[in-house]
Amino acid sequence: MKATNPHNSFALQRQLMIQKKLQWDLMDDIKWEMGIDQTKPLVPVDFTAMGLHELSGEQQVVLSQYLGLVINATISEMEDALPRLKFHGWERILDSYPANPEIRELGELFFEEEQKHAAAFKKYLQLFSQTVGLEPDFLTKFMPRTYGSRFQKIITKNAQAGGHAFWWIVALTEEVSIKIFHEIDTIKDECDPLFYHLHRLHLEEESRHANYAYLMLEIIRSRPQNFKRMYAKRMDYLFSQLVATPWILGELTKIFDAENYDPKSEFFDTLKSCLPHLRKVPKLKLATQMFSSVPYISWFLNPNWRNFCKNMADKHGAIMPRLPNLRIHL
Ligand SMILES: [Fe+2]
Ligand SMILES: [Fe+2]
C-alpha cells in the first residue's frame, strides 16, 4: 500500500506524478485488434467444488466465460457508480476538513481512471457478444447493473445524509479486483489473451491508486467528531456490506433469464444447457458456498480475508459482520 497519510503532500505529489506518467489510454493502449478467442475460458473455476461435476468441457468453458463477464460487469458497474456520487461522497467530505490540493487532484484522477476502467470492461462485453454471434448489447441483460438499483439509491442516500458507506464499497472493489487478477494470472496461458491483457492493465492502475479509498477513510476518521459522524464510523462498514450483498446475490440470478431468449448463438445455447445443472445445486448449499467457498463471489460477499479493509475498520471502531472464514481452493 502506498501513501496512507492524507497530509503527506510530498508522497501524494509523487504518487500523482507516477499515476499521470503511467496511465493508459482506452483506445490506444488496449490491443482491441487482438479480438477474443471464444474457445478459451476467462477465469479459473473449480466446478467439482461447486457441485457441478456433470458439466461437459464445452459447458465449463462457457460458464467460465459467463463468470468472467459477470466479474467484469460487477467491477465496471461499481466503478461506474463512483462519479455519480462524486459530490456527496467526495467533495463534501473534503470540504468538511482541511485537504491539500494533491488529495483533490488525486481524487479527480481516481474518478477519471475508474470511469475509463468501466468503459474498458463494457467494451470487452460488447466485443464478446459480437464474437459469439450476438448483438453488441445483448449480454448486458444478464449482467449486474447498479443504475437505478436499490443498492445505488441506498448508498446515495447514505452519502447525502453524511455517511461514508460509499468509501467502504470502493475499498472492497479495489481489493477484490487486485485479488481477481492474481487468480486470472494462474491460467495466463490458457485464458483469452485479450481478457488477460485487459485485466493486466487494470491491475497496474488499480495498484497505483488502490490507496485512495484509504486516504479518504483516514480523512473521515480524523475529522472532528459529532454524534452523526461517530455513528457513521461505527455502522457504515457493516452497512456497506449489508447493502452490497443482496445486490450481488440478486444480480447473479439474472443468468436464469436466459431461458426467456432464443437468439441464434452456440455460446448462448450452451449457456442455457448449463441452467438445469445450476438449478440442481441445493439452495442452502449454494447460499453457504456463496459466502465461503465460491471464488470471486465469496470475495465480494465475505470481508474476512480483506486485511486492509479490516485494519481500517478496526481503526474506525466499526462493527464488523460475523461470517465463516473462506475455504477456497482453485
Ligand atoms: Fe478500476
Ligand atoms: Fe480502482
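The notes below deal with the structure included here.

What follows deals with the overall build of the protein chain. Assigned secondary structure in the protein chain consists of 13 helices and zero strands. Ordered by position from the N terminus, the helices and strands of the protein chain form the series α-α-α-α-α-α-α-α-α-α-α-α-α. The C-alpha radius of gyration computed for the protein chain amounts to 20 Å, which stays within 12% of the reference 20 Å derived for 330 residues, consistent with globular compactness. Each principal axis of the C-alpha atoms in the protein chain carries an extent, and together these give about 60 × 45 × 35 Å. Residue pairs at least 24 apart in sequence account for 80% of intrachain contacts in the protein chain once pairs closer than 6 positions are excluded.

Moving on, we come to the nonpolar core. Residues W167, I169, A171 and M216 are the most contacted members of the largest nonpolar core, which totals 75 residues. Ranked by the residues each element gives to this core, the list is headed by helix 2 (residues 57-84), at 12 residues. If near-sequence neighbours (up to four positions away) are discounted, A171 is found in contact with A213, Y214, L217 and C309.

Our next topic: the environment of T146. By secondary structure assignment, the location of T146 is in the loop between helix 4 (101-131) and helix 5 (150-160). Residue class for T146 comes out buried when judged on the 22 C-beta atoms lying within 10 Å of it. Not counting residues up to four positions away in its chain, the partners in contact with T146 are E77, M78, A81, F151 and Q152.

Residues lying three or four places apart along an α-helix face the same way, a consequence of the helix completing one turn every 3.6 residues. Residues G89, W90 and I93 constitute the buried set of helix 3 (residues 86-95). Buried positions in helix 3, seen along its axis, are confined to an arc of 80° and lie on one side of it. Exposed and oriented more than 90 degrees from the buried face of helix 3 are F87 and D95. Elements that come into contact with the buried residues of helix 3 comprise helix 4, helix 5, helix 6 (165-185) and helix 8 (212-222).

Let us look at the packing of helix 4 against helix 7 (residues 193-209). At a minimum axis distance of 11 Å, the contact between helix 4 and helix 7 shows a crossing angle of 170°. For the element pair helix 4 / helix 7, the angle class is roughly antiparallel. Contacts from F110, E113, H117, A120 and Y124 in helix 4 reach F195, L198, H202, E205 and H209 in helix 7. Within the contact of helix 4 with helix 7, the residues separate by chemical class into five nonpolar, three polar and two charged.

Turning our eyes to something else, we now look at the environment of D314. Here D314 shows up in helix 13 (residues 307-316). The exposure class assigned to D314 is exposed, which follows from the 11 C-beta atoms found within 10 Å. Sequence separation between D314 and R234 is 80 residues, and the spatial gap between their C-alpha atoms is 9.7 Å.

Position of T131 among the secondary structure elements: in helix 4. For T131, a count of 15 C-beta atoms within 10 Å corresponds to the partly exposed category. For the pair formed by T131 and D37, sequence separation is 94 residues and the distance between their alpha carbons is 8.4 Å.

The next point concerns helix 8. Of all the 11 residues making up helix 8, eight are buried; the element is thus mostly covered by neighbouring parts of the structure. Of all the residues in helix 8, the buried ones are Y212, A213, Y214, L215, M216, L217, I219 and I220. Those residues of helix 8 that are buried are in contact with helix 3, helix 4, helix 6, helix 7 and helix 13.

Right, let's talk about the packing of helix 6 against helix 9 (residues 227-252) for a bit. Axis separation between helix 6 and helix 9 bottoms out at 8 Å; the angle between their running directions is 65°. As summarised for this structure, helix 6 and helix 9 are arranged roughly perpendicular, according to the angle between their axes. Crossing of helix 6 over helix 9 shows right-handed handedness. Touching A165, W168, I169 and L172 of helix 6 are D236, Y237, F239, S240, V243 and A244, all from helix 9.

About the cut-offs
- Residues numbered from 1 in each chain as written.
- Chains lettered and ligands numbered in written order.
- Predicted model: local features only at pLDDT ≥ 70, side-chain atom pairs only at ≥ 80, totals over all residues.
- Helix = DSSP H or I, 4+ residues; strand = E, 2+ residues; numbered from the N terminus.
- Rg over C-alpha atoms; globule rule 2.2 N^0.38 Å.
- Contact = placed C-beta atoms within 7 Å.
- Core = buried A, V, L, I, M, F, W, Y, C linked by C-beta atoms within 7 Å.
- Buried ≥ 20, exposed ≤ 12 C-beta atoms within 10 Å, placed from the backbone.
- Arc of directions from axis to C-beta.
- Axes fitted to C-alpha atoms, helices over the stretch in contact; angles between N-to-C directions.
- Parallel < 35°, antiparallel > 145°, perpendicular 65-115°, else oblique.
- Nonpolar A, V, L, I, M, F, W, Y, C, P; charged D, E, K, R; others polar.
- Left-handed = near helix turned anticlockwise from the far one by under 90°.

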